[in-house]
Amino acid sequence: MNKLWLIVKREYLAKVRNKSFVVMTFLSPILMVGMVVLIAYLTKINDSEKRIIAVLNESSYVHNQFLPSESMAFVEFRSIGFEEAKDSTQAMGYYGLLHIPEGPNLETVAQSAFLYTKENPVSYVLDRLEGIFENRLRQERLQNLGVSAGDFAAVEQEFEIKTATFDGQKNLKGINEIKAFIGGGFGYLIMMFIIIYGGFVMRSVIEEKTSRIIEVIISSVKPFQLMLGKIVGTSLAGITQFAIWIFSASLLLFLALLLFDIDMTAMGEATPMGSNTVNGMTALPQTPESGIQQYANELFKIPWLLLLVSFVVYFVLGYLIYSSIYAAIGAAVDNETDTQQFIFPIILPLMLAIYVGFFSVFSNPHGPIAVAFSLFPLTSPIVMLMRLPGGIGEGGVPLWQLLCSILLLVLTFLAIVWLAAKIYRVGILMYGKKPTYKELYKWLKYS
Amino acid sequence: MTPILVAEQVSKSFGKHAALHDVSLEIPENCIYGLLGPNGAGKTTLIRIINQITYPDSGRVFFNGASLAPEHIAMIGYLPEERGLYKSMKVGEQALYLAQLKGLSKNEARKRLKYWFERLEIEGWWDKKIQELSKGMAQKVQFIVTVLHQPKLLIFDEPFSGFDPINANKIKEEILELKKAGTSIIFSTHRMESVEELCEYIALIHKSQKVLDGKLSDIKKAHKNNVFKVGLQLNGHGDGLLKELQERFQILESIFDPLEKQLDFTLRLPSEDTSEALTHLTSLANINRFEETIPSANDIFIQTIKAKGE
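Residues numbered from 1 in each chain as written. Chains lettered and ligands numbered in written order. Predicted model: local features only at pLDDT ≥ 70, side-chain atom pairs only at ≥ 80, totals over all residues.

*Asks:* What is the right way to look at the sheet that holds strand β3 (residues 96-100) of chain A in this model?
*Replies:* The pairing of strands in a sheet happens through backbone hydrogen bonds and is either parallel or antiparallel. All names here are of chain A. Pairing is mixed across the open sheet formed by 4 strands, whose spatial order is β2-β1-β3-β4. Looking at strand neighbours, the two that pair on one side only are β2 (72-77) and β4 (114-117), the edges of this open sheet. Taking the axes of each pair of neighbouring strands and ignoring which way they run, one obtains an average angle of 25 degrees across the sheet. Two elements, strand β1 (residues 51-57) and β2, share 6 bridges in a ladder whose sense is parallel. Directly across from Val 55, in β2, lies its bridge partner Glu 76. (Pairing = 2+ DSSP bridges. Helix = DSSP H or I, 4+ residues; strand = E, 2+ residues; numbered from the N terminus. Axes fitted to C-alpha atoms, helices over the stretch in contact; angles between N-to-C directions.)

*Asks:* When you look at the packing of helix α14 (residues 340-363) of chain A against helix α15 (residues 368-375) of chain A in this model, what are you seeing that I'm missing?
*Replies:* If you want to describe how two helices pack, look at the angle between their axes and the distance between the axes. Residue and element names in this part refer to chain A. Packing of α14 against α15 leaves a shortest axis separation of 9 Å and a crossing angle of 150 degrees. Between α14 and α15, the angle is such that the two are roughly antiparallel. Seen from above, α14 lies across α15 with left-handed handedness. Between α14, through Ala 353, Val 356, Ser 360 and Val 361, and α15, the contact on the second element is made entirely by Ile 369, Ala 370 and Phe 373. Its residues assigned to classes, the contact of α14 with α15 shows 6 nonpolar, 1 polar and no charged. (Parallel < 35°, antiparallel > 145°, perpendicular 65-115°, else oblique. Left-handed = near helix turned anticlockwise from the far one by under 90°. Contact = placed C-beta atoms within 7 Å. Nonpolar A, V, L, I, M, F, W, Y, C, P; charged D, E, K, R; others polar.)

*Asks:* Even after reading the chapter, I still don't get the pairing of strand β6 (residues 76-79) of chain B, so can you show me in this structure?
*Replies:* Sheet faces and side chains relate simply in a regular strand, where the side chains alternate between the two faces. Residues and elements named next belong to chain B. The two faces of β6 match: Ile 76 and Tyr 78 on one face and Gly 77 and Leu 79 on the other face are all buried. Note: β6 against strand β7 (residues 153-157), 4 bridges, orientation parallel. Within β7, the position partnered with Tyr 78 by the bridge is Ile 155. (Buried ≥ 20, exposed ≤ 12 C-beta atoms within 10 Å, placed from the backbone.)

*Asks:* What exactly am I supposed to notice about the interface of chain B and chain A here?
*Replies:* With 20 residues of chain B at the contact, the number on the chain A side is 17 residues. Per element, the largest residue contribution to the side of chain B that touches chain A is 4 residues, and it comes from helix α2 (residues 91-101) of chain B. Residues of the side of chain B that touches chain A, tallied by class, amount to 11 nonpolar, 4 polar and 5 charged.

*Asks:* It is not clear to me how the domain arrangement of chain A should be interpreted in this structure. Could you clarify?
*Replies:* How big an interface is tends to be reported as the loss of accessible area on association of its parts. Its domain assignment divides chain A into domain 1 (50-155) and domain 2 (173-445). The distance between the C-alpha centroids of domain 1 of chain A and domain 2 of chain A comes to 53 Å. (Domains from an automatic or database assignment.)

*Asks:* Help me understand the environment of A:Ser60 in this model?
*Replies:* Residues and elements named next belong to chain A. Within the element layout of this structure, Ser 60 appears in the loop between β1 and β2. By the C-beta count within 10 Å, which is 11 here, Ser 60 ends up exposed. With 45 residues separating them in the primary sequence, Ser 60 and Asn 105 have C-alpha atoms 9.2 Å apart.

*Asks:* What is the right way to read the environment of B:Ile49 from this model?
*Replies:* All names here are of chain B. Here Ile 49 lies in helix α1 (residues 43-50). Exposure remark for Ile 49: the 22 C-beta atoms within 10 Å place this residue in the buried category. Expressed as a C-alpha distance, the spacing of Ile 49 and Asp 257, which sit 208 residues apart in the sequence, is 56 Å. When neighbours within four sequence positions are excluded, Ile 49 is seen to be in contact with Val 10, Lys 12, Thr 54, Tyr 55, Pro 56 and Val 61.

*Asks:* Is there a simple way to think about unusual backbone geometry in this case?
*Replies:* It is generally the case that most residues other than glycine have a negative phi and that most peptide bonds are trans. Residue and element names in this part refer to chain B. For Ser 208, which is not a glycine, the phi torsion comes out positive at approximately 70 degrees. Relative to the helices and strands, Ser 208 resides in the loop between β9 (201-206) and β10 (209-215). The backbone of Lys 261 sits at a positive phi, close to 55 degrees, despite the residue not being glycine. Secondary-structure assignment places Lys 261 in the loop between β12 (250-257) and β13 (262-268).

*Asks:* Explain the domain arrangement of chain B to me, please; I cannot follow it from the model alone.
*Replies:* Domain annotation for chain B reports domain 1 (5-221) and domain 2 (225-293). On a C-alpha basis, the centroid separation for the pair domain 1 of chain B and domain 2 of chain B is 46 Å.

*Asks:* I tried to follow the packing of α15(A) against helix α17 (residues 399-427) of chain A on my own but got confused; where do I start?
*Replies:* All names here are of chain A. Packing of α15 against α17 brings their axes to within 8 Å, and their N-to-C directions diverge by 35 degrees. Counted together, Val 371, Ser 374 and Leu 375 of α15 and Gln 401, Cys 404, Ser 405 and Leu 408 of α17 form the full contact between these two elements. Its residues assigned to classes, the contact of α15 with α17 comprises 4 nonpolar, 3 polar and no charged.

*Asks:* Looking at this structure, how should I read the nonpolar core?
*Replies:* A general trend in soluble globular proteins is that nonpolar side chains are found buried together. Core analysis: the largest hydrophobic core is formed by 130 residues, its most contacted members being A:Ala327, A:Ala328, A:Val383, B:Tyr33, B:Ala95 and B:Ile155. If near-sequence neighbours (up to four positions away) are discounted, A:Ala327 is found in contact with A:Val201, A:Met202, A:Val205, A:Met227, A:Lys230, A:Ile231, A:Ala420 and A:Tyr424. (Core = buried A, V, L, I, M, F, W, Y, C linked by C-beta atoms within 7 Å.)

*Asks:* Would you take a moment to explain the sheet that holds strand β8 (residues 184-188) of chain B for this structure?
*Replies:* Residue and element names in this part refer to chain B. Taken together, the 6 strands give an open sheet; going across it, the order is β6-β7-β8-β3-β9-β10, and neighbouring strands pair in mixed fashion. Of all strands in the sheet, those with a lone pairing partner are β6 and β10, marking the two edges. Taken over all neighbouring pairs, the strand axes of this sheet differ in orientation by 15 degrees on average, direction set aside. Pairing geometry for β9 and β10, over 6 bridges, is antiparallel. Opposite His 206, over in β10, you have Gln 209 as the bridge partner. On the sheet, α1 packs against β3 (32-36), β6, β7, β8 and β9 and is oriented at approximately 150 degrees with respect to β7. Along the sheet, helix α4 (residues 135-147) contacts β6 and β7; its crossing angle with β6, the most-contacted strand, is approximately 160 degrees.

*Asks:* Teacher, can you tell me more about helix α5 (residues 123-144) of chain A here?
*Replies:* Residue pairs three or four apart in sequence face the same way in an α-helix, which turns once every 3.6 residues. Here α5(A) contains 22 residues, and its C-alpha end-to-end distance of 31 Å stays within 8% of the 32 Å for a straight helix at 1.5 Å per residue. Backbone geometry just after α5(A) places A:Gly146 at a positive phi near 100 degrees. (Expected span 1.5 Å × (residues − 1).)

*Asks:* Help me out: how do you make sense of the pairing of strand β14 (residues 286-292) of chain B in this one?
*Replies:* Residue and element names in this part refer to chain B. Buried residues are scarce in β14, accounting for 0 of its 7 residues. The pairing of strand β11 (residues 227-233) with β14 spans 6 bridges and is classified as antiparallel. Each residue of the ladder has a partner; that of Val 230, found in β14, is Phe 290.

*Asks:* It is not clear to me how the confidence of the model for chain B should be interpreted in this structure. Could you clarify?
*Replies:* Should the pLDDT be low somewhere, the predicted coordinates at that spot are not to be read in detail. Put simply, chain B has an average pLDDT of 88, and 98% of its residues get 70 or more. No element of chain B has a lower mean pLDDT than helix α8 (residues 238-248) of chain B, at 77, and none a higher one than β7(B), at 94. (pLDDT = per-residue confidence, 0-100.)

If you want it as structure tokens, here you go:
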């Protein structure tokens, strides 16, 4: 025990004192926050540009339709010729000229309308103009069928279906996605941690091999102790780094927001896909006040304690499984270039977990795919955490699935660590052989 | 006196490859024991078994009379052939770490390190990183780390590699000093001249089997092949005499110096008995040299390995 502690301490200090580690620890938050601030700033600049469209409307069918919006404005030319209008549009520096010639009816007018711009027009300008015409055409056609403009406006009501569970609880739209995002955040954290610090464990094993200190050490301690100490020491260093990152990044972000006066909600609206991790949350304010309250209630209902406890359990087990595989790989090879063939099979289940999680758990947290992947031990740490914010029991993850998933994970953990330790023990004393899977299988049989 | 280490019919194989087959050894206390053998013979496997890095498939090992157990690790010091230190760690810190892994307390380790650093004249290195040291310098640190916890049994695998002659000599003296202080030492090397110089006992391992072991002086006696170096001072008729001698004795090689009238040759006798040969030679010329050649460890090594055949 005492020796294990010594190893953990050495591995931790060796990692924490490493120059590149220190640089990464303190530089990353600055880079990360800088990036966010830069994007926010650019979005702000981008937003402030208003496009002005000149309209030369010679027809009588389309009028009072060109209302200014946040990003577009219209200027109407009256009683000037087309060439003149073109010249003045350019002279005034307007974005484009919409020419609507006279025609016998709306259909022909719409068909002959033209937009002139300096270069290919941006899509939102086109969308807006096409929308205006489509709207007007729909109105006209309905009118021909005997529907008045007033009736049309009344028909054009948006409708949202309200949903509830059988026991009368109201459901909120999108809450599943939000919950999955929260769980997904935890899952993503686990994946990143495994990839970054598993790699560190592997490199540290390779370093011990190439510096030939390994035999000196294992004449004093058991190889398993060394492997375990290395994994624990490295992950403690990783947790330190993550803690510094989270703390300093949130501090910096807070300062940056104060300093640059950037409205995060504005960013959320500006991005068209309102469903990136941060934006998913900020897209909410579009719902009415009571809606926000409801969402907040719903978020409070997420079993945070369960989620955190499961996070710790899945994190520890998942990380130990993967990092012992990384350690075994490090022991099997002589240098980092030989690791490629072994690394891919490790990354694969992790990637699969993330993608399956984001696609299938979001749409249906308790569907067969989601259940299968949350039971399979190599993906369960990530996928199960995405499902858990829904709670346990009715409407959430059945208790047996959670217990089964953890049990499978524990069994896999024991099996993998046992196998990895065997490969590690043989591998650290093998030099000059480029290992194959067949070779590794042979090592497993050595006593 | 209980032998420090006894191996009884130790076998170990990796897959189909047998690394050790039925090897039995007895290493007396407080001696320097040479463990010899060609590359890949199984020496390192045996050493690793003694260090409990691997375990034998069958057979038993006893340390100081007791069955080899984890608590013996602290009583063994091992300098592997494939050795190194953490490159980016400071010398002192690293030595402290390795000493603590062997069970020394931090304070005790610091005190002993100070003594050894002074003894080997490397006091100034405490805060240097290994990567700033030359190979020989790092070897000195490695040597100190190996002996620091005052083990009862020291195992040196090629201890002199990487040292310049001056430092190699210094390390050799330290090893003899340790032996004087009561330590038993296993010494594995290819450099036969140092075997000759240091070892009292040797064992020769070839193709995973022990082919020879015992006291070096006994082994040498057993390997005597009755070859003698002879020098004769002649009175003129060199060629004729040599011819006559060749008819009578088995002459291995000969040199005749006509100016000095000196004939040197080696001859092999059918038995240890030299009286007949001497009488005959005395009658022919003036003998100014007659010396039995004792085979060197190197000769024995090569001879034994060759005799075992490929």
